[in-house]
There are 2 protein chains.
Amino acid sequence: MAPTNSDRVEHAQSSILRSARQEIETSGILGLRVAEVAAGANCSITQIYRYFGDRNGLLARVLGDMYAEILVATRDAYSAVLLQKQSITVDDIVAALPAVFEPGSSNLQHLRLQILAASVTNEELRARLEEITRDESDRWDEGLDEVENRLAPGESFDRRVFTIFLANFLPYYRILLGDKGFSSDEFRGFLRDKMSS
Amino acid sequence: MAPTNSDRVEHAQSSILRSARQEIETSGILGLRVAEVAAGANCSITQIYRYFGDRNGLLARVLGDMYAEILVATRDAYSAVLLQKQSITVDDIVAALPAVFEPGSSNLQHLRLQILAASVTNEELRARLEEITRDESDRWDEGLDEVENRLAPGESFDRRVFTIFLANFLPYYRILLGDKGFSSDEFRGFLRDKMSS
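Residues numbered from 1 in each chain as written. Chains lettered and ligands numbered in written order. Predicted model: local features only at pLDDT ≥ 70, side-chain atom pairs only at ≥ 80, totals over all residues. Heavy atoms only, no water.

Examining the interface of chain B and chain A
Across the boundary between the two partners, chain B contributes 45 residues, which contact 45 residues of chain A. When the two sides are added together, the surface that chain B and chain A hide from each other amounts to roughly 4200 Å², 62% of it contributed by carbon and sulfur. Three residues, B:Asn168, B:Tyr173 and B:Leu176, lead the burial of chain B against chain A; their summed loss comes to 18% of the area buried on that side. One can count 6 salt bridges joining chain B with chain A. Taking the shortest distance from any N to any O, the salt bridge between A:Lys194 and B:Asp158 comes out at 2.8 Å. The interface formed by chain B and chain A contains 22 residue pairs in polar contact (both at pLDDT 80 or more). The set of elements that each furnish at least two residues to the side of chain B that touches chain A consists of helix H6 (106-121), helix H7 (123-149), helix H8 (160-165), helix H9 (172-177) and helix H10 (184-195) of chain B. Per element, the largest residue contribution to the side of chain B that touches chain A is 9 residues, and it comes from H6(B). In the side of chain B that touches chain A, the residues fall into 22 nonpolar, 11 polar and 12 charged. (Contact = heavy atoms within 4.5 Å. Buried area = accessible area lost by both parts, 1.4 Å probe. Salt bridge = Lys/Arg side-chain N within 4 Å of Asp/Glu carboxyl O. Polar contact = N/O pair within 3.5 Å; in protein donor to acceptor, adjacent residues only side chain to side chain. Helix = DSSP H or I, 4+ residues; strand = E, 2+ residues; numbered from the N terminus. Nonpolar A, V, L, I, M, F, W, Y, C, P; charged D, E, K, R; others polar.)

Right, here's the structure in full:
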């Protein structure tokens with residue numbers, strides 16, 4: 001079958017989004033230039049404006065997608081480990097948490113920080129992040145319901161450690177503290193204590 | 001007495017810093033242009049480069065100063081309320097916390113977020129933030145020692161709620177959640193429970 005018009009639009013849009021991501025990886029969010037994105041996607045600047053409005057609209061789409069991917073991947077990886085178990089203890093809940101302070105995770109933290117900061121001055125991105133964050137919050141609520149259902153006898157679990165603490169945890173300050181900051185073990189010990197009391 | 005050369009340098013530097021702040025307030029961190037700062041300070045661009053190296057150096061100085069001021073002001077306001085008391089309860093500790101979710105505080109949160117994000121790509125700023133954060137961490141330790149010394153009989157206080165949780169708390173996610181987010185009362189209730197257990 002010959003490609004339809006909507007196939008062509010979809011193909012052009014995904015080339016643009018791919019090129020924009022590559023630009024962000026090379027030049028950073030601030031360095032993203034629409035002309036470079038167009039060159040990388042083999043299309044015209046006019047075409048980008050037609051699909052995404054303006055530079056902010058393009059950023060809202062690409063950064064919103066990246067933000068959603070980070071959140072979904074984090075939640076998926078967590079559920080995959082935890083919900084294997086039929087009976088869950090607080091130790092299991094803590095052990096399944098991602099190792100946010102390990103080397104290699106700081107690039108991800110930096111990216112997340114830059115996306116959040118970009119949304120302060122980009123209303124379209126801000127609206128998108130609000131939508132994604134609210135949706136993710138619902139998914140976490142469902143996951144935490146499931147965890148409570150499977151809680152091993154005698155275990156108690158305070159889900160506010162997720163909904164209030166971990167949801168608003170930004171390890172960037174921990175990163176700035178370097179050797180003066182708390183260790184992964186101290187962090188997990190704290191979480192274990194606070195979840196079960 | 002006639003102004004000495006070092007008086008003149010100091011005067012020129014503070015005019016530049018004042019002008020840079022004004023530019024940031026008007027055009028944002030990303031919009032700061034050295035030429036505008038020079039015009040506002042009644043000096044030449046060359047002079048700015050002589051004192052601060054480059055645009056990043058100027059930003060490192062101005063944003064570092066702003067970051068330090070935010071942290072010091074938060075800590076000072078907190079100590080002023082809390083250390084008035086000779087005998088301190090966990091309820092006092094919670095009540096003295098700043099109202100981070102109140103309207104009007106979100107500008108401050110946005111600014112802090114933008115400064116942190118800017119430091120990802122500005123090494124000089126990053127080094128400055130590390131120094132300030134470590135120094136502030138020492139000041140908090142001293143303050144928390146004092147709180148523990150004055151703890152009312154029968155009260156127990158887990159300082160990790162400050163050193164691990166509040167030190168890494170970024171209410172921006174709470175802001176994105178809007179009406180779906182937890183309330184100030186829920187937040188304070190959580191802190192009260194976790195501090196005393």
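Resuming the write-up.
Some details on the packing of aromatic side chains
As enumerated under the stated definition, the model contains 21 aromatic pairs over all chains in all. Relative to A:Phe162, the ring of A:Phe157 lies with its centre 6.1 Å away and its plane at 70 degrees, an arrangement referred to as edge-to-face. The exposure class of A:Phe162 is buried, given its relative accessible area of 6%. Relative to B:Phe169, the ring of B:Phe165 has its centre 5.4 Å away and its plane inclined at 90 degrees; by these criteria the two rings are edge-to-face. One residue, A:Arg174, lies across the ring of A:Phe182, its end atom 5.6 Å from the ring centre. (Phe/Tyr/Trp six-rings, centres within 6.5 Å; stacked < 30°, edge-to-face > 60°. Buried < 20%, exposed > 50% of the residue type's maximum accessible area, 1.4 Å probe, protein only. Lys NZ or Arg CZ within 6 Å of the ring centre and 35° of its normal.)

Looking at the relation of the copies chain B and chain A
For these two chains of identical sequence, chain B goes onto chain A by a turn of 180 degrees and a shift of 0.0 Å along the axis, with RMSD 0.1 Å. Within this description, the copies of the chain are treated as partners about a two-fold rotation axis. The position closest to the rotation axis in chain B is occupied by the C-alpha of B:Phe169, lying 2.5 Å away. A high fraction, 100%, of the interface residues of chain B reappear at the interface in chain A, so the copies pair face to face through one surface. (Least-squares fit on C-alpha atoms with pLDDT ≥ 70 in both.)

What about the confidence of the model for chain A?
Model confidence for chain A is summarised by a mean pLDDT of 92, while 98% of its residues fall at 70 or above. For this predicted complex, the interface score ipTM comes out at 0.90, while the overall pTM is 0.91. (pLDDT = per-residue confidence, 0-100.)

Structural notes on the nonpolar core
Grouped together as the largest cluster of nonpolar side chains are 69 residues, with contacts concentrated most on A:Leu58 and B:Leu58. In terms of residue count, the dominant contributor to this core is helix H4 (residues 55-82) of chain A (10 residues). When neighbours within four sequence positions are excluded, A:Leu58 is seen to be in contact with A:Ile16, A:Leu17, A:Ala20, A:Leu32, A:Val37, A:Ile48 and A:Phe52. With 44 residues, the next largest nonpolar core counts A:Tyr78, A:Leu144, A:Val161 and B:Tyr78 among its residues. (Core = buried A, V, L, I, M, F, W, Y, C linked by side-chain atoms within 4.5 Å.)

Looking at the side chain of B:Arg75
Residue and element names in this part refer to chain B. Among the structural elements, Arg75 can be located in helix H4 (residues 55-82). Among the residues examined, Arg75 registers a relative accessible area of 14% and is labelled buried. The contacts of Arg75, once residues within four sequence positions are left out, are Glu136, Arg139 and Trp140.

Overview of helix H6 (residues 106-121) of chain A
Counted at 1.5 Å a residue, the expected span for H6(A) with its 16 residues is 22 Å, and the 24 Å between its end C-alpha atoms agrees. Within H6(A) the residues assigned to the buried category are A:Gln109, A:His110, A:Arg112, A:Leu113, A:Gln114, A:Ile115, A:Leu116, A:Ala117, A:Ala118 and A:Ser119. Tucked into the core, H6(A) has its buried residues touching H4, helix H7 (123-149) and helix H9 (172-177) of chain A together with H6, H7 and H9 of chain B. (Expected span 1.5 Å × (residues − 1).)

Considering the pattern of salt bridges
Inspection of every chain in the model, using the stated rule, returns 38 salt bridges over all chains. In this structure, A:Asp193 and B:Arg160 form a salt bridge, with 2.7 Å as the shortest nitrogen-oxygen distance. Here B:Arg160 lies in helix H8 and A:Asp193 lies in helix H10 (residues 184-195), a pairing that spans two chains. Under the relative-accessibility criterion, B:Arg160 is labelled partly exposed at 25%. Note that B:Asp76 and B:Arg75 form a salt bridge whose closest N and O atoms lie 3.9 Å from each other.

Considerations on the packing of helix H1 (residues 5-27) of chain B against helix H2 (residues 34-41) of chain B
For any two helices packed against each other, one specifies the crossing angle of their axes together with the interaxial distance. Residue and element names in this part refer to chain B. Across the interface, H1 lies against H2 with an axial gap of 8 Å and an inter-helix angle of 125 degrees. Judged by the inter-axis angle, H1 sits oblique to H2. Taken as a pair, H1 and H2 cross one another with a handedness that is right-handed. Of H2, the residues touching H1 (which contributes Ser15, Ile16, Ser19, Ala20 and Glu23) are Glu36, Val37, Gly40 and Ala41. (Axes fitted to C-alpha atoms, helices over the stretch in contact; angles between N-to-C directions. Parallel < 35°, antiparallel > 145°, perpendicular 65-115°, else oblique. Left-handed = near helix turned anticlockwise from the far one by under 90°.)

Focus: unusual backbone geometry
One non-glycine residue, A:Asn42, lies in the positive phi region at around 60 degrees. Mapping A:Asn42 onto the fold places it in the loop between helix H2 (34-41) and helix H3 (45-52).

Notes on the environment of B:Glu136
All names here are of chain B. Along the chain, the position of Glu136 falls in helix H7. In this structure the C-alpha to C-alpha distance between Glu136 and Tyr172, which are 36 residues apart in sequence, comes to 21 Å. In contact with Glu136, not counting residues within four places along its chain, are Leu71, Val72 and Arg75.

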